[in-house]
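Each chain is listed here by its residues.
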Amino acid sequence: MVKIKPFKGIRPPAPLAKEVASRPYDVLNSAEAKAEAGEKSLLHIIKPEIDFDPIIDEHSAEAYDRAVANFKRWKSNGWLVQDNEEHYYVYAQTMGGRTQYGLVAACHFQDYADGKIKKHELTRPDKEEDRMIHVRNQNANIEPVFFAYPADREMDALIRHVVESQTPEYDFTADGDGFGHKFWVIDHPDTIARITEIFSKIPALYVADGHHRTAAAARVGAEKKEALLRSGGTYTGNEEFNYFLAVIFPDDQLRIIDYNRVVKDLNGLTPARLVAALEKDFVVTPKGTAVHKPARLHDFSMYLAGQWYDLQARPGTYDDNDPIGVLDVTILSNLVLDKLLGIKDLRTDKRIDFVGGIRGLQELADRVDSGEMAVAFALYPVSMKQLIDIADTGNIMPPKTTWFEPKLRSGLVIHSLDE
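Residues numbered from 1 in each chain as written. Predicted model: local features only at pLDDT ≥ 70, side-chain atom pairs only at ≥ 80, totals over all residues. Heavy atoms only, no water.

Aromatic rings considered in pairs are described by the distance between their centres and by the relative angle of their planes. This model, assessed by the stated rule, comprises 13 aromatic pairs. Where Phe146 meets Phe249, the ring centres are 5.0 Å apart and the plane angle is 45°; that geometry is what we call tilted. Within this pair, whereas Phe146 is found in strand β8 (residues 145–149), its partner Phe249 is found in strand β12 (residues 243–250), the two being separated by 103 residues in sequence. For Phe146, a relative accessible area of 3% corresponds to the buried category. For the pair Phe282 and Phe300, a centre-to-centre distance of 5.8 Å together with 90° between the ring planes defines the contact as edge-to-face. Placement of the pair is Phe282 in strand β15 (residues 282–288) and Phe300 in strand β16 (residues 299–304), with a sequence separation of 18 residues. A connected cluster of aromatic rings, assembled from ring pairs, spans Phe7, Tyr89, Tyr170 and Phe183. Between the NZ or CZ atom of Lys5 and the centre of the ring of Tyr243, over which it lies, the distance is 5.4 Å. Over the ring of Trp403 we find Lys407, and its NZ or CZ is 4.1 Å from the ring centre. (Phe/Tyr/Trp six-rings, centres within 6.5 Å; stacked < 30°, edge-to-face > 60°. Helix = DSSP H or I, 4+ residues; strand = E, 2+ residues; numbered from the N terminus. Buried < 20%, exposed > 50% of the residue type's maximum accessible area, 1.4 Å probe, protein only. Lys NZ or Arg CZ within 6 Å of the ring centre and 35° of its normal.)

So, about the sheet that holds strand β14 (residues 259–263). Taken in spatial order, the six strands line up as β15-β17-β16-β19-β14-β18 in an open sheet, and their pairing is antiparallel. At either margin of the open sheet sits one strand with a lone partner, and together these are β15 and β18 (352–356). Each strand of the sheet is rotated relative to its neighbour by a mean of 25°, with strand direction disregarded. The pairing of β15 with strand β17 (residues 307–313) spans six bridges and is antiparallel. Directly across from Thr285, in β17, lies its bridge partner Asp310. On the sheet, helix α12 (residues 362–369) packs against β14, β16, β17, β18 and β19 (375–378) and is oriented at approximately 170° with respect to β19. (Pairing = 2+ DSSP bridges. Axes fitted to C-alpha atoms, helices over the stretch in contact; angles between N-to-C directions. Contact = heavy atoms within 4.5 Å.)

Following this line, the structure appears as structure tokens:
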């Protein structure tokens, strides 16, 4: 069973919410962030390298120091203000006419250590260390992680009551993508207590997006626990540093979109020889020049030499009883990327890149047509059931399997590790 708590959120005054809120640190490169960041944008705190001209290394001491200075300045300017009381919050996102409602809460690092907060991806030590430095330096979780929980009818009713009975604290449509964001403060003591109690009976949370932030936050919590014990202090497990910031959505409201692959060369094959080689494991059907989208599980699209193809995996090339073997990313990796194109490690091979489905399949064709890439593959999206099955069995998905959209907006609320 998991442990969550309300907290004293640090957040922008309502009139400034849209100006302060930003896209997450890991969906923008530094140049994009610099172009997008307004005066009050949280990007100056989560991507502080953009404050320098020219842009400096995001992992430099100067960048980390600027992040701390900016966070202090945002608070001194009144662009971020801490609530006086502990609250839970509701965060709603709307994309394409569909809205999902998440609970903003503080989660306990021990649940991650004990496997009650379940992951489905491996983390990279360098990225984990980078996030740890930010959390240590700021003594705060500046950006939330994105969790799912098994949908609960009473929680659905509690969230619905808050949404229907209260005016949202924030309500804006983000520029650029047009996604809607609403935010409510839960301040009724009985509701807060009941939410904590409900989650004490929920067996597990699932990391949807933010594996590196989750791992980093948990490690900082463990570090602070050890430091307290070494100093002779009394550790209760309820200290604020034990907790980190998350937005937790019921699993039945979430949708995963496709996460596609582009490869720089054909490993010595000609386009014709690649198509011929594919026919051993796939039914290959040319589809012409119009964008072709996979229609079902084990169905792939390939863009090669100006033409789209449908690739239907032949029976016997996958195992629907294996939670990893059933995944289309596994099928593509084993039968195409490794077997034919010589890509052994998706995490380190520089010949492959990954394109979130939010960019559309035309992005794949454009990157091949430009000459930057030689071939592109589009996949059918993973389901939430597949993600949960893999996490529950202790398995790990191949890299770059899931893409959740819309992304959480950063800056709507921050969690301090201080009491």
